[in-house]
Amino acid sequence: MNMICVPLDIRPYNYDFLISLALMDSKLSLKMPAKDILGYKKQPASHQAVDEFINSHCADADALIISLDMYLYGGLFPARIHQMELSELTARMNKIKSLKERYPSLKIYASSLVLRTPKYNSSEEEPDYYARIGHSIFQVGYLSDKEKRVGLSEDEKVELRAHHSAIDSASFDDWLSRRSKNLLLIEKAIELVDEKILEQLIIPLDDTAEFGFTMQDQVRIYEKVSLLGVQERVFVHPGTDESGCTLLTKAYLSLKEQDFLATTFYSNELFKHFIPNYEDRPFVHSLRSHAAASGLTLVDNDVSLPVLAINGCGEIMQEAFDISYGYNLQTGARKPTYKNITYYTHRDLGSYAKHIAARAARVPVVVIDVAMSNGGETELVRALDKAGALDVIKGYAGWNTTCNSLGTGIAHLVFSTLGDNADAIERFYKERLISDWAYQTEVRFPVQFEYLPSIGLSYSSFAEKESSVFDKIKTEIENTWQENIKHSFNGCCPAITSISAPFQRMSGLHFTVA
């Protein structure tokens, strides 16, 4: 099997994860463009270089996995700030159709994101004006959509007018123009599915809410999908950075011509109907969509099948750093750490971990740790360690949003079950524990808010002392591991061989282990 991939960007979950998954099967060859042609943060990729990469490898490839956001705009962040004309973007989209005509046996799997609308003022990933009026742009979208669909209270009408007045017309026109182009190109991609140019299309939703611009765009997208009758090949669901893993999994199973059945096992059955942070629908609907997009068939209560062990929350979902460090995302201030009581009353992690250990002794199990957002749950890791589960499960995912973890975990379950490279399977598992749990939950925020300021550095400004910062992170991860994992991995933290920061910031670090 020969595949080529044009990823969303060079961050580990979009680039290195795919390499790690492909290495799990010696019969799979995956080629990707060099990182240096794929842009950096808001600097777009070289479209010509990406084109040359695709054209130089298509003749020998069975499948192409392509992020349309990279191919059309030059990456995720450039998609949010570009000033390209619709005619140029359409011409780029048409080249994909020409590619299929030249290589009719090439199966093309694509993703195309709906532009997000964050709730906060920040221009790190958005246009410069979003640092001043981002919150107001979100509120105008949210309240305007709500007004059309269910109506507003008098107080909400006053709030809507206030936010409208805070937004200058030039910035708002720029925002709406880019969204319009994005939506038109997504509709064009859906048409390519109908024309059999694209085998499958994923349309991920980043930072979604019940109302707003993203929800309005979804209405148009669903109408287009329904009109063309391509529901079985176009998937619209929360997520973003896991999409490459999902498409790789789908292409892999399609080329193997193999059905893959799996089952689920929840720490809290009520979580099926819970709407996670940053998402717009009950978890079970996202699960079904992600599974189908990956080529999985989910079967209830079959103990003979591979398992997605889903650790959900209680009645609310907290941030991992809120529980471990007491950092308040809204205020940016420290507060006493606190864990909502329903994390205890709605779950029994001790029994859950024992059941996982028993299942993992018979069938492949991957733990999807989504009880919190932006990191795994230390209490679950301790329970899995005590129960002996950490030494027998195949994989773990607990990073960022619920669907980011879900998509990664599904891919790991498939490749760890069907792949033949045990070392690659185990290595990716250990890297996820180190990154998703140890770093993101326990280490990142003390380093970011205490250590970096103590040496005159900050979240996105540490390049001058990068080696010292990474040495500190490595030491703290090893300490965290020793404090919490006492019975697994022969009592030793995996040897961290490298740490890198592709976007030079404290989020999205890439860890490799021996």
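This structure is a prediction, so every number in the text was calculated from the model and none was measured.

Undergrad: Before we go on, may I ask you to explain the environment of leucine 201 in this structure?
TA: Tracing the sequence through the fold places leucine 201 in strand β5 (residues 200-205). For the pair formed by leucine 201 and leucine 227, sequence separation is 26 residues and the distance between their alpha carbons is 16 Å.

Undergrad: Help me understand unusual backbone geometry, please; the structure alone is not making it clear to me.
TA: A negative phi angle is the norm for most residues apart from glycine, just as the trans form is the norm for most peptide bonds. The phi dihedral of lysine 41 falls on the positive side, at around 55°, and the residue is not glycine. Examined against the element boundaries, lysine 41 turns out to sit in the loop between β2 (29-31) and α2 (47-57). In the Ramachandran plot, asparagine 490 falls in the positive-phi region, its phi being about 55° despite a non-glycine side chain. The topology assignment puts asparagine 490 in the loop between α18 (466-484) and β12 (496-500).

Undergrad: Help me out: how do you make sense of the nonpolar core in this one?
TA: Generally speaking, a soluble globular protein has its nonpolar side chains buried in company with each other. Ile54, Ile66 and Leu201 are the most contacted members of the largest nonpolar core, which totals 104 residues. Top contributing element to this core by residue count: helix α8 (residues 169-194), with 7 residues. Sequence-distant contacts of leucine 201, defined by excluding residues within four places in its chain, comprise Leu68, Ala110, Ser111, Ser112, Ala189, Ile190, Val193, Arg233, Val234 and Phe235.

Undergrad: For this particular structure, what's the right way to read the sheet that holds β2?
TA: Paired through backbone hydrogen bonds, the strands of a sheet run either parallel or antiparallel to each other. Taken in spatial order, the 6 strands of this open sheet run β2-β1-β3-β4-β5-β6, and their pairing is parallel. Strands with a single pairing partner mark the edges of an open sheet, and in this sheet they are β2 and β6 (234-238). Strand-to-strand, the axes of this sheet are offset by a mean angle of 15°, without reference to chain direction. In terms of strand pairing, strand β1 (residues 2-6) meets β2 through 3 bridges, oriented parallel. Looking at the pairing, isoleucine 4 lines up with lysine 31 of β2. Running over the sheet, helix α10 (residues 243-256) touches β1, β2, β3 (63-67), β4 (107-111) and β5 and is turned about 160° from β4. Lying over the sheet, helix α11 (residues 283-294) contacts β5 and β6, oriented at roughly 140° with respect to β6.

Undergrad: Just to check I follow, could you spell out the pattern of salt bridges for this structure?
TA: Opposite charge on two side chains permits pairing when their charged atoms draw close. The final tally for this structure, using the stated rule, is 34 salt bridges. The partner of lysine 97 in a salt bridge is glutamate 195, with the nearest N and O atoms 3.1 Å apart. Taken as a pair, lysine 97 in helix α5 (residues 86-102) and glutamate 195 in the loop between α8 and β5 lie far apart in primary sequence, 98 residues in all. Glutamate 187 serves as the salt-bridge partner of arginine 220, at 3.1 Å between the closest nitrogen and oxygen. With arginine 220 in helix α9 (residues 213-228) and glutamate 187 in helix α8, the pair connects residues that are 33 residues apart, well separated along the chain. Residue classification places glutamate 187 among the buried positions, given a relative accessible area of 12%. Through salt bridges that share partners, Arg80, Arg116, Glu124, Glu125, Glu126, Asp206 and Arg505 make up one connected network.

Undergrad: Honestly, the packing of aromatic side chains in this entry has me stumped. Any pointers?
TA: Aromatic ring pairs: the centre-centre distance and the angle between the two ring planes describe each pair. Under the counting rule described, the total for this entry stands at 27 aromatic pairs. Considering the side-chain rings of phenylalanine 271 and phenylalanine 274, the 5.8 Å spacing of their centres and the 20° angle between planes classify their relative orientation as stacked. Each member of the pair, phenylalanine 271 as well as phenylalanine 274, is classed as buried. Ring geometry for tyrosine 325 and phenylalanine 445: centres 6.4 Å apart, planes at 35°, overall tilted.

Undergrad: Would you mind showing me how to read the sheet that holds strand β8 (residues 296-298) here?
TA: Read across the sheet, 5 strands follow the order β8-β7-β9-β10-β11 without closing on themselves; strand pairing throughout is parallel. Each having just a single partner strand, β8 and β11 (395-397) make up the two edges of the open sheet. Ignoring strand direction, the axes of neighbouring strands in this sheet form an average angle of 30°. Here strand β7 (residues 260-266) pairs with strand β9 (residues 307-311) via 4 bridges, running parallel.

Undergrad: How do you make sense of the pairing of β7 when you look at a structure like this?
TA: Each regular strand carries side chains that alternate between the two faces of the sheet. Burial runs high along β7: 6 of the 7 residues are buried. For β7 and β8, the ladder comprises 3 bridges, and the chain directions are parallel. Each bridged residue has a counterpart across the sheet, and for leucine 261 the counterpart in β8 is threonine 297.

Undergrad: Honestly, α2 in this entry has me stumped. Any pointers?
TA: Note on helix geometry: an α-helix contains 3.6 residues per turn, so any two residues three or four positions apart are oriented the same way. Residues of α2 that are buried include every one of His47, Ala49, Val50, Asp51, Phe53 and Ile54, and no others. Elements in contact with the buried residues of α2: β1, β2, β3, α3 (68-73) and α5.

Undergrad: Sorry if this is basic, but what is going on with the packing of helix α16 (residues 402-418) against helix α17 (residues 422-454) here?
TA: Packed helix pairs are specified by the crossing angle of their axes together with the interaxial distance, meaning the distance between the axes. With their axes 10 Å apart at the nearest point, α16 and α17 run at an angle of 160° to one another. Here α17 runs roughly antiparallel to α16, going by the angle between their axes. Between α16 and α17 lies a crossing of left-handed hand. Note on element contacts: α17 touches α16 through Ile425, Phe428, Tyr429 and Arg432, opposite Thr408, His412, Phe415 and Ser416. Counted by class, the contact of α16 with α17 contains 4 nonpolar, 3 polar and 1 charged residues.

Undergrad: I would appreciate a short explanation of the side chain of glutamine 139 in the present structure.
TA: Position of glutamine 139 relative to the elements: it lies in helix α6 (residues 130-149). Those residues in contact with glutamine 139 that lie beyond four places of it in its chain are Ser144, Glu159, Leu160 and His163.

Quick notes on the rules
- Residues numbered from 1 in each chain as written.
- Predicted model: local features only at pLDDT ≥ 70, side-chain atom pairs only at ≥ 80, totals over all residues.
- Heavy atoms only, no water.
- Helix = DSSP H or I, 4+ residues; strand = E, 2+ residues; numbered from the N terminus.
- Core = buried A, V, L, I, M, F, W, Y, C linked by side-chain atoms within 4.5 Å.
- Buried < 20%, exposed > 50% of the residue type's maximum accessible area, 1.4 Å probe, protein only.
- Contact = heavy atoms within 4.5 Å.
- Pairing = 2+ DSSP bridges.
- Axes fitted to C-alpha atoms, helices over the stretch in contact; angles between N-to-C directions.
- Salt bridge = Lys/Arg side-chain N within 4 Å of Asp/Glu carboxyl O.
- Phe/Tyr/Trp six-rings, centres within 6.5 Å; stacked < 30°, edge-to-face > 60°.
- Parallel < 35°, antiparallel > 145°, perpendicular 65-115°, else oblique.
- Left-handed = near helix turned anticlockwise from the far one by under 90°.
- Nonpolar A, V, L, I, M, F, W, Y, C, P; charged D, E, K, R; others polar.

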